[in-house]
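Geometric and topological summary
Residues per chain are reported as follows:
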Amino acid sequence: PKILILVSGEGSNLQALIEASRERDYPADIVAVGSNQAKAPALAKAAHANIPTFVIEHGRYGSRDEFDGALMQEIRRHNPDLIVLAGFMRILTEGFVRALRGQLLNIHPSLLPKYTGLNTHQRALNAGDKLHGVSVHFVTEELDGGPIVAQAQIAVGADDSAETLAQKVQAQEHVLYPIVVRWCCEGRVQLGAEQVLFDGQAL
Ligand code: GRF
């Protein structure tokens, strides 16, 4: 299966997916990497791996609909089976998300449904949480609210800061995302009518 990865920043998750895709039996073929930020370091990582890249700068579009229209056009050109958001920092319109139902995955640095949006590590600390982590979910109209496929937890220590939590969570992201992308590409994980299906079954 063909996957297209959307990024805005560093691209450490992209790098983890690139490395996974080099494994002989890895099912996903990364056909393109797209960014809304021309300067995203992730683009250099893609280019270094000889993966085609494209940039759709949101500032050049008058509305979210126009931006999403341009993004959709570029996505259609590559005809991916799965679109993987890896640190893509734009909220997508309802129409866009609906058109790609079941084909859009996102990774979010919290144990959803806790802490949608930004500053998740500080918010977990402020709440005194003993557990924190990362979630991979299908994207639906609700921001960070789509059905969860998998989560990885980390323990929050007394001396953790937002920075140390971010590092620990990212290390988990780099393991978890390639696994979930593999499952999706193998058809083992799918978005059913209301929930995630594992080997065709709701858990
Ligand atoms: C990750 O923490 C991810 O959970 C969030 O954005 C960050 C992306 O990091 N959605 P990177 O660009 O993959 O290094």
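Residues numbered from 1 in each chain as written. Predicted model: local features only at pLDDT ≥ 70, side-chain atom pairs only at ≥ 80, totals over all residues.

- As annotated in an unreviewed UniProt entry, the protein chain is Phosphoribosylglycinamide formyltransferase from Marinobacter psychrophilus.
- According to UniProt, the comment filed for the protein chain under the heading Sequence similarities (unreviewed entry) is "Belongs to the GART family."
- UniProt, in its Catalytic activity (unreviewed entry) section for the protein chain, records the words "N(1)-(5-phospho-beta-D-ribosyl)glycinamide + (6R)-10-formyltetrahydrofolate = N(2)-formyl-N(1)-(5-phospho-beta-D-ribosyl)glycinamide + (6S)-5,6,7,8-tetrahydrofolate + H(+)". (UniProt positions renumbered as here; feature names shortened; annotations may be inferred.)

As for the sheet that holds strand β8 (residues 189–191)
- The strand order β8-β9-β10 describes an open sheet built from 3 strands, whose pairing is antiparallel. Where the open sheet ends on each side, the last strands, each with one partner, are β8 and β10 (201–202).
- In this sheet, strand β9 (residues 196–198) lies alongside β8 in antiparallel orientation, the contact comprising 3 bridges. Note that in β9 the partner of Gln190 across the bridge is Leu197. (Pairing = 2+ DSSP bridges. Helix = DSSP H or I, 4+ residues; strand = E, 2+ residues; numbered from the N terminus.)

Some words on the UniProt feature "binding site: N(1)-(5-phospho-beta-D-ribosyl)glycinamide" (unreviewed entry) in the protein chain
- UniProt feature "binding site: N(1)-(5-phospho-beta-D-ribosyl)glycinamide" (unreviewed entry): in the numbering of this structure it lies at Gly11, Ser12 and Asn13.
- In this fold, Gly11 is placed in the loop between β1 (2–7) and α1 (12–21).
- Owing to 23 C-beta atoms within 10 Å, Gly11 belongs among the buried residues under this scheme.
- If near-sequence neighbours (up to four positions away) are discounted, Gly11 is found in contact with Ala40, Pro41, Ala42, Lys45, Ala86 and Gly87.
- Checked against the element boundaries, Asn13 lands in helix α1.
- On the basis of neighbour count, Asn13 is assigned to the buried category, with 24 C-beta atoms found within 10 Å.
- Apart from the residues lying within four places of it in its own chain, the contact partners of Asn13 are Ala86, Gly87, Ile107, Glu173, His174 and Tyr177. (Buried ≥ 20, exposed ≤ 12 C-beta atoms within 10 Å, placed from the backbone. Contact = placed C-beta atoms within 7 Å.)

Thoughts on helix α6 (residues 162–185)
- For α6, which comprises 24 residues, the first-to-last C-alpha distance of 33 Å matches the rise-based estimate of 34 Å (1.5 Å per residue) to within 8%.
- Along α6, the sharpest change in direction is near 25° and occurs at Glu173.
- Gly187, located one to two residues past α6, shows a positive phi value of around 75°. (Expected span 1.5 Å × (residues − 1). Bend = angle between axes of the 7 residues up to and from the residue.)

Overview of the UniProt feature "active site" (unreviewed entry) in the protein chain
- Cross-referencing UniProt, the feature "active site" (unreviewed entry) maps to His108 in the present numbering.
- Taking the C-beta count within 10 Å as the criterion, His108 has 24 such neighbours and is therefore assigned buried.
- Those residues within four positions of His108 in sequence are excluded, and the remaining contacts are Val134, Ser135, His137 and Asp144.

What about the site of the ligand?
- Within the structure, the ligand sits among 15 residues, and Glu10, Ser12, Asn13, Gly87 and Pro109 are positioned closest to it.
- At the level of elements, α1, β5 (104–108) and α6 are the ones that each hand at least two residues to the shell around the ligand.
- A per-element tally of the shell around the ligand places α1 first, with 3 residues.
- Considered class by class, the residues forming the shell around the ligand number 6 nonpolar, 7 polar and 2 charged. (Near = placed C-beta within 6 Å. Nonpolar A, V, L, I, M, F, W, Y, C, P; charged D, E, K, R; others polar.)

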